[in-house]
Amino acid sequence: MTTTDTTQAIWNDALGLLQLEIPRPNFETWLKDTSAKALEGDKLIVSAPSAFVAEMLEQRLSGSISRIVERVAGRPMSVEFSVGEGQGEGAASHHVQGADADPSNGKKPRKSDSGLRPDLTFDTFVVGDSNSLAHAAAANVADAPGRAYNPLYIYSNVGLGKTHLLHAICHALLQKGIRALYVSSERFTNEFIRAIRAGSADKFREHYRSAEALLVDDIQFIASKEQTQEGFFHTFNELHMSGRQVVVTGDEPARKSLLEERIQSRLEGGLVVDIQPPNFETRIAILQSKAQSSGVDIPLSVLDMLAHRLQSNIRELEGSLNRVVAYAQLVDSAVTPELARQALNSLAPQGPARSVDPKELLDAVANHTGISVDSLKGPRRDKLTAQARHFAMYLLREESHLPSTRIGELLGGKDHSSVLYAQRKVSQQLATDPSLRQELDAIVATLMASKR
């Protein structure tokens, strides 16, 4: 294990234990977006997304943090907080390949100073039906920047992997010796404002327009900032017209955003892809990958429980696994389903994920599709009946959390292999057909509304 890996491993384990000890709102506010920056002898340097957060950690939580870090490291340790790059979507942005100081200093991006999270690569990105198109597009951009899908716009809800893909693209470009800038829209805005105030707009423009690839995270945050949108528009145009790559992420389709119409038009002029919440198989694969990279043996029964409990946010899914592992270490016990329930309930007593009554769900599918429940359970195989039956099989797993054997029993004794085939087929269709997701969501929404 490299020094960097060891440093981050210490901090990851410490964060898991701190989640057990610190109230969740405090953890989310002050610790969620921190990372391990360096390990210098017996001093761990922790990077905070802003000076304010670093100050609050020092004043309010340094005692607890130092104690936990010492427990994890197994030796006396001190902790120092510094201002550095943020982690993940929604965090304070980090500048990839930029100069250490203010970008208005006019220096060109340096390939030796990336600032990227080393774990966010294509190799560690778990591909499933819900994100395969976005992954393929990102990989193509990394292989042929400026030629394949320029610009590329990726949108999704928070915690589904947009930032991971941006980091992965940057890693790939760096390995090719390509100058790239990765920046959040928040940092882009702050640097733009500073450059205007300091009269160094020319240096700001040179800094960004000298890049061979520009990757901007969470573009929605500049929507209400007229001057920043102006600056971004002209930077975008300069790069795009000269054949350099632009990749942008946001939380909704460009045409539905509050961005200026001309920016919407530019983004829609390339390839627009979305990332959907991961299906069950992908959630299991993500948890298995996370457990493997952490070197922890987690029973499949525990992964199954976590995958059913947390369904819409990868970050929360991985966080739940971290909490379970930390709890097991704290109580010195093997990881079991019962221990996992205790760990999650003690941290977030929110109860299990919503579970829809199977009979009510079948009625909802029947009402939506016009195919009776008896027909769903029967032998008919015409196109409409088969499609409705596939809907039922998929939703009984995703919403009622039933195993394939039980789903087969509910649908007239269908073989579990037929159930798995139907679920896999619907998952694959969801990756390329957004209207199908809307149709399935409408079935569930109608059912939920009828129960109020």
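Placed above this text is the structure.
Since we're looking at a predicted model, the values are computed, not measured. (Residues numbered from 1 in each chain as written. Predicted model: local features only at pLDDT ≥ 70, side-chain atom pairs only at ≥ 80, totals over all residues. Heavy atoms only, no water.)

Chemist: Could you give me a rundown of the pattern of salt bridges, with the residues and numbers involved?
Modeler: Following the criterion strictly, the structure yields 16 salt bridges and no others. Across the pair arginine 205 and aspartate 202 runs a salt bridge, and its minimum N-O distance is 2.1 Å. Of the two residues, arginine 205 and aspartate 202 are both situated in helix α7 (residues 201-209); the distance of three residues between them amounts to about one turn of the helix. A cluster of three or more residues bridged by salt bridges with shared partners is formed by Glu281, Arg283, Arg397 and Glu398. (Salt bridge = Lys/Arg side-chain N within 4 Å of Asp/Glu carboxyl O. Helix = DSSP H or I, 4+ residues; strand = E, 2+ residues; numbered from the N terminus.)

Chemist: Which residues make up helix α8 (residues 226-241), and what values do they have?
Modeler: With 16 residues, α8 should cover 22 Å at 1.5 Å per step; its first-to-last C-alpha distance of 22 Å lies within 8% of that length. If you follow the buried residues of α8, they end up packed against α6 (185-198), α7, β6 (213-217), β7 (245-250) and α9 (261-268). Glycine 243 sits one or two positions beyond α8 and adopts a positive phi of about 80 degrees. (Expected span 1.5 Å × (residues − 1). Contact = heavy atoms within 4.5 Å.)

Chemist: Would you mind going over the packing of helix α4 (residues 132-143) against helix α5 (residues 162-175) in detail, with residue names and values included?
Modeler: In contact at an axis separation of 9 Å, α4 and α5 are set at 25 degrees when each is read in the N-to-C sense. One finds that α4 runs roughly parallel with respect to α5. Pair α4 / α5 crosses with right-handed handedness. Residues Ala134, His135, Ala138, Val141 and Ala142 of α4 pack against Leu165, Ile169, Ala172 and Leu173 of α5. A per-class count over the contact of α4 with α5 returns eight nonpolar, one polar and no charged. (Axes fitted to C-alpha atoms, helices over the stretch in contact; angles between N-to-C directions. Parallel < 35°, antiparallel > 145°, perpendicular 65-115°, else oblique. Left-handed = near helix turned anticlockwise from the far one by under 90°. Nonpolar A, V, L, I, M, F, W, Y, C, P; charged D, E, K, R; others polar.)

Chemist: Residue-level account of the side chain of serine 130, with values.
Modeler: Within the element layout of this structure, serine 130 appears in the loop between β3 (78-83) and α4. On the basis of relative accessible area, serine 130 is assigned to the buried category, the value being 10%. Serine 130 has contacts with Asp274, Ile275, Gln276, Pro277, Pro278 and Asn279, leaving out every residue within four places of it along the chain. (Buried < 20%, exposed > 50% of the residue type's maximum accessible area, 1.4 Å probe, protein only.)

Chemist: Quick rundown of the sheet that holds β7? Include the residues and the values.
Modeler: Taken in spatial order, the five strands line up as β5-β6-β7-β4-β8 in an open sheet, and their pairing is parallel. The open sheet has two edge strands, β5 (180-184) and β8 (271-274), and neither has a second partner. Within this sheet the neighbouring strands show an average axis-to-axis angle of 15 degrees, counted without direction. As paired elements, β6 and β7 share four bridges and run parallel to each other. From the neighbouring strand, leucine 215 faces β7, where its bridge partner is valine 247. Where α6 meets the sheet, it contacts β5 and β6, and its direction lies at approximately 95 degrees from that of β5. (Pairing = 2+ DSSP bridges.)

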